[in-house]
Amino acid sequence: MEILVHNALHVLEHSFVETIYLVPFLFLAYLAMEWLEHKTGERTQKAIARAGAAGPVVGSVLGVVPQCGFSAVAATLYAGRVITLGTLFAVFLSTSDEMLPIFISEAVPAWTIIKILAVKMVMGILFGFLLDFLYHGIWGRKMRYRNIHTMCESEHCKCDDEGIFSSALRHTIHITIFLFLITLVLEAVIDGVGEEALAGFLMDRPVLGEILAGAIGMVPNCASSVVITQLYLQKVISAGPMMAGLFTNAGVGALVLCRMNRKHVKQNVGILCYLYVAGVVGGILIDLLGINF
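Residues numbered from 1 in each chain as written. Predicted model: local features only at pLDDT ≥ 70, side-chain atom pairs only at ≥ 80, totals over all residues. Heavy atoms only, no water.

A few points about the overall build of the chain
Here comes step 1: Counting its secondary structure elements, the chain contains 16 helices and 0 strands.
Here comes step 2: Among the 293 residues that make up the chain, the fraction classed as buried is 51%.
Here comes step 3: Of the contacts made within the chain by residues no fewer than 6 positions apart, 83% connect residues no fewer than 24 positions apart.
Here comes step 4: Put simply, the chain shows about 14000 Å² of open surface, and 70% of that area lies on carbon and sulfur atoms. (Helix = DSSP H or I, 4+ residues; strand = E, 2+ residues; numbered from the N terminus. Buried < 20%, exposed > 50% of the residue type's maximum accessible area, 1.4 Å probe, protein only. Contact = heavy atoms within 4.5 Å. Areas by Shrake-Rupley, 256 points an atom, 1.4 Å probe, with all protein chains shown as cover.)

Regarding helix 15 (residues 253–260)
Note on helix geometry: an α-helix contains 3.6 residues per turn, so any two residues three or four positions apart are oriented the same way.
Here comes step 1: Most of helix 15 sits out of view: 6 of its 8 residues are buried.
Here comes step 2: Taken together, the buried positions of helix 15 are Gly-253, Ala-254, Leu-255, Val-256, Leu-257 and Met-260.

Regarding the confidence of the model for the chain
Here comes step 1: A residue-level look at the chain finds 71% of positions with pLDDT of 70 or above and a mean pLDDT of 76.
Here comes step 2: Mean pLDDT across the elements of the chain bottoms out in helix 3 (residues 43–51) (50) and peaks in helix 14 (residues 239–248) (91). (pLDDT = per-residue confidence, 0-100.)

Description of the environment of Leu-88
Here comes step 1: Looking at the element boundaries, Leu-88 is found in helix 6 (residues 85–94).
Here comes step 2: Separated by 14 residues in the primary sequence, Leu-88 and Ala-74 place their C-alpha atoms 5.6 Å from one another.
Here comes step 3: Beyond its immediate stretch of four places on either side in the chain, Leu-88 contacts Ala-74, Ala-75, Tyr-78, Ile-83, Leu-257 and Ile-271.

Some thoughts on the nonpolar core
Within soluble globular proteins, side chains that are nonpolar generally end up buried alongside one another.
Here comes step 1: With 57 residues, the main nonpolar core has Leu-88, Phe-89, Phe-103, Leu-179 and Met-242 as its most contacted residues.
Here comes step 2: Excluding residues within four positions of it along the chain, Phe-89 makes contact with Phe-127, Gly-128, Leu-131, Ile-271, Tyr-274, Leu-275 and Ala-278. (Core = buried A, V, L, I, M, F, W, Y, C linked by side-chain atoms within 4.5 Å.)

Overview of helix 4 (residues 55–63)
Here comes step 1: Listing the buried residues of helix 4 in full gives Gly-55, Pro-56, Gly-59, Ser-60 and Gly-63. Taken down its axis, helix 4 places every buried residue within 120 degrees of arc, on the same side. (Arc of directions from axis to C-beta.)

Have a look at this one:
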């Protein structure tokens, strides 16, 4: 009984920690959207169109910041169509949740870390521009800014008459509760399965390594990036599977996207499928080229 209670408290604590640090990021994202809506009005659409071309570069650079705060922000901003689809994807590809803190704690050489981050940034930029080119250039899809009132209607929060700070805070509380509950479930499942089982899933599978690592990376939880990074440091997996798993690991960004963009289920599925395919392809290319870090 004591073990059960201890495990439950551990899951609860880890879920709380995983969620609470996102609050400032989410609040600033909602605050930015509120400010855009109240201060810029119709000029917002033109400003987004002008800035959209460089979006994947900016997104990819910001995405390498440790933890997955920027992926949550990017998903929120994309749901409001403040950034392009390619920018969102660039952030998702370049972010890596727990990878950087683990590398630093394990005293991995700075040059190795720089090379890995550079590869993730380049992949984010290339696939981000490709997606924007296909989505907006070839398929002719236009950016349609969703103002904050549209998001209020979808959230049923009735905060149209509130100030920008109160409204942003209300939205932040809603999404934080959602993320905490989902993270709690994921933590309980992973705690039950065990990180050793996830590690064993990747061991001695040279042909399917990238495919399996990419699938594990899609799990919106820090455990996936921890397992993948540690296995690489222990030389259990090569650079290809590691990068495949880290490419697809967008942290809670995927959860925020599915929540905030929930009226576009097919689009969300398409984005996540594209993320998975891009991550696996990137990992396979790294192994084929014999790249090691």
